[in-house]
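What the coordinates show
For reference, the chains in residue letters:
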Amino acid sequence: MTRRPLIFHGAIIHSRGESELEILENATLAIDGSGCIVAFKRSPDDATPIPALNDPQVHHLVRGEFLMPGFVDTHNHAPQWPMRGLGQGLHILNWLDQVTFPVEARFADPVYARKTYEHTVADFLRQGITTASYYSSRHAEATCILADVCLEKGQRAFIGKCNMDRNAPEYICEESAQVSLRETRECIAHIRDLPGCADPTQALVKPVLTPRFAISCTPELLAGLGEIMKSDVDLAMQTHFNEAQQEIDATRQLFADFKDKSEADLYESFGLLGPRSILAHCTIMTDYDKERLQALECGVAHCPVANMTVGGGFMVAPVRDFLRRGIKVGLGTDSGGGWASQMLSVIRQAMIASNAREVLSEGDDKGLLLEEAFYLATLGGARVLCLENRVGSFAVGKEFDASWVMTTSGLWSAMTPIEDQDSLRTMFEKFVMTGDDRNIHRVYVRGRQVSGST
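The following paragraphs examine the structure supplied in this document. What you are looking at is a predicted structure, and each value in this text was computed from that prediction instead of being measured.

It is worth spelling out the packing of aromatic side chains at this point. Across all of its chains, the model carries 13 aromatic pairs by this definition. For the pair phenylalanine 66 and phenylalanine 431, a centre-to-centre distance of 5.9 Å together with 75° between the ring planes defines the contact as edge-to-face. Here phenylalanine 66 is found in strand β5 (residues 65-69), whereas its partner phenylalanine 431 is found in helix α14 (residues 424-434), with 365 residues between them in sequence. The class for phenylalanine 66 is buried, based on a relative accessible area of 0%. Site record: aromatic cluster; members linked through ring pairs are Phe8, Phe394, Phe400, Trp404 and Tyr444. Arginine 42 extends its terminal NZ or CZ atom over the ring of phenylalanine 40, reaching a point 4.3 Å from the ring centre. Positioned above the aromatic ring of tyrosine 112, the side-chain terminus of arginine 106 is 4.1 Å from the ring centre.

Relative orientation of the contacting elements helix α12 (residues 370-377) and α14 amounts to 60°, with a least axis distance of 12 Å. By the angle between their directions, the pair α12 and α14 is classed as oblique. Here the hand of the crossing between α12 and α14 comes out left-handed. Between α12 and α14, the contacting residues are Leu370, Glu371 and Phe374 on the first element and Arg425, Phe428, Glu429, Val432 and Met433 on the second.

On to the pairing of β5, then. With respect to burial, β5 is a largely interior element, five of its five residues being buried. Burial along β5 is two-sided: the residues Glu65, Leu67 and Pro69 and Phe66 and Met68 are all buried. Bridge analysis of strand β1 (residues 6-15) against β5 gives two bridges, and the strand direction is parallel. Its bridge partner lying in β5, isoleucine 12 is registered against leucine 67. As defined by bridge partners, β5 adjoins strand β15 (residues 402-406) across five bridges and the pair is classed as antiparallel. Across the sheet, the residue bridging to methionine 68 is serine 403, located in β15.

The rules behind each value
Residues numbered from 1 in each chain as written. Predicted model: local features only at pLDDT ≥ 70, side-chain atom pairs only at ≥ 80, totals over all residues. Heavy atoms only, no water. Phe/Tyr/Trp six-rings, centres within 6.5 Å; stacked < 30°, edge-to-face > 60°. Helix = DSSP H or I, 4+ residues; strand = E, 2+ residues; numbered from the N terminus. Buried < 20%, exposed > 50% of the residue type's maximum accessible area, 1.4 Å probe, protein only. Lys NZ or Arg CZ within 6 Å of the ring centre and 35° of its normal. Axes fitted to C-alpha atoms, helices over the stretch in contact; angles between N-to-C directions. Parallel < 35°, antiparallel > 145°, perpendicular 65-115°, else oblique. Left-handed = near helix turned anticlockwise from the far one by under 90°. Contact = heavy atoms within 4.5 Å. Pairing = 2+ DSSP bridges.

Next comes the structure, spelled out in structure tokens:
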């Protein structure tokens, strides 16, 4: 869909690499009617020409305002949005039985699913999360509804029907592997039939295979999902990986052939690991695990809020070591295991977790810098989802997914007030570390305003 072009003059902040934050005081960004960035002048002295655009909307950002890329949430359970904060401190399998499964069972009702998902997607958009990789419940109709809602509201999303044909209560467990696979194919077809989603290189909403984890899937189901993935070069896969000791022990008991091996060996044997694999958590990792993820080019969804509150222990993923090895890493809210729907909270907790990891590693794994944590929430997450050529930073040719931030000087938000002497870098740091959704004035996906003030 063609929209009115946009031109922004003012402060722009984005990542150019893992630790390279570009902070521009007076830049110009031009976006055409298709939502693509067509020009980026880094200063008034920059000779980059601005192409002629038909009747563009021109915005001049004042001091204290800046543009930043939209956040990328690499791990999110959409049906758990209404249960955030519940069951904190429970071990993972107990938390699923006591809290999660009863909530997810409600999504058998399509009326409830639509009402809840409309609130869910709107909430994440207002937090500046322009891309999300969603687990749906195991219900095919609700999964299709989630995809419909994301497209209607304009959120870039990966949508996956959760596969689980064993080790779940009868009221939510799938009937069989065959039924699970059939419904998965139906959901993939529905998503690709949505307007503008047939071409995976242009689709706003994309399907993703979603085995909950090995514990809840029979070998027949995992093998079937692997066959689907191998036959479809554009299809991603997401699952939980080495999340907690309780989960790892249960997996080894179920798959006796892998009791002395890695979960990487298990998933790889079913054809489910590769560059399009999104592995959530990865908190308890051997060197062998890391070597396999690096060799297979898998991506890690780091979920520090959930890892410190649900699962059974203070679990700190070795993010510094992942980055050192060249493994793709992004951040995930893990909403409902994570109590926050705000990526800002996840950034802050990622920095806290990395400081803990520095202590645990006796100084070998240094804590994350602000620049690095912001990278994980934007361009790093885009890499995990294989979208780095489309979103995650402001490069010419990419699509304009962005938040227009307004910092504050009074009591209007929780943010540390800006002062006259503050540099743009200082204002950015105050926003990231203390701001909230009240500081996010507008949110754009592919050049379309999807949240914020009109």
